[in-house]
Amino acid sequence: MKKKAIVLLIIAVLAITPAMAAPRGSSSEGSVGVGLNLGTNTGLGLKFGMGKFDILANIGLMNFNIGTNGFNLGTDVAVSYEVYDFDLGGEHHMPLTLGLGAVMGFDIGKTFGFDLGLVVPVGIEYKIPDFPMSFYLRLAPGIGLVDNSSFRMHFAFAGYIGALWVFE
């Protein structure tokens, strides 16, 4: 029964994703951003500009959790669409983005645990004109599906602040 519920939820998410599509992503097509991500997982932040949307990914230490029993590794991946652009004048602008993604956590130590959730990241970004750096803030509420390797629906949340060096 649990597997059927997860499969149906994944199918539903994939069915509504095209309806969320906005005219473009916040990054130019073919660009790649690499940088530091601070938040519910702290480590490497990545962003891939795909034209109509962006792909976001993060991997790092989850909730700063290192102890004698091991550590927690956090990963997430999401698609992001630009829904509004705050024009600050000249070449300065801050796109407001909305997306859909998955967060995963791995408890690595004496025991192994796995967490999985679906989130809706809402973010704001700022790219420095004529300089290949951008900054972002994202908040991502959602639904947790797996908690410590057991199916359990619960509130899930992720939050990030970071900086990326953008290669265009």
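> Before we move on, can you summarise the overall build of the protein with the specific residues and values?
Within the protein, the secondary structure is distributed over one helix and nine strands. Out of the 168 residues belonging to the protein, those deemed buried represent 36%. Contacts in the protein between residues at least 24 apart in sequence constitute 49% of all its contacts with a sequence separation of at least 6. For the protein, the exposed surface amounts to about 9300 Å²; the carbon and sulfur share of it is 71%.

> Give a description of the packing of aromatic side chains that names residues and reports values.
Under the defined criterion, the tally for this structure stands at five aromatic pairs. Look at Phe106 and Phe112: their rings are 6.4 Å apart centre to centre, the planes differ by 35 degrees, and that puts the pair in the tilted class. By relative accessible area, Phe106 is classed as partly exposed at 21%. When the ring of Phe131 is compared with that of Trp165, the centres are 5.4 Å apart and the planes differ by 80 degrees; the resulting orientation is edge-to-face. Taken as a pair, Phe131 in the loop between strand E7 (122–127) and strand E8 (133–147) and Trp165 in strand E9 (residues 150–167) lie far apart in primary sequence, 34 residues in all.

What counts as what
Residues numbered from 1 in each chain as written. Predicted model: local features only at pLDDT ≥ 70, side-chain atom pairs only at ≥ 80, totals over all residues. Heavy atoms only, no water. Helix = DSSP H or I, 4+ residues; strand = E, 2+ residues; numbered from the N terminus. Buried < 20%, exposed > 50% of the residue type's maximum accessible area, 1.4 Å probe, protein only. Contact = heavy atoms within 4.5 Å. Areas by Shrake-Rupley, 256 points an atom, 1.4 Å probe, with all protein chains shown as cover. Phe/Tyr/Trp six-rings, centres within 6.5 Å; stacked < 30°, edge-to-face > 60°.

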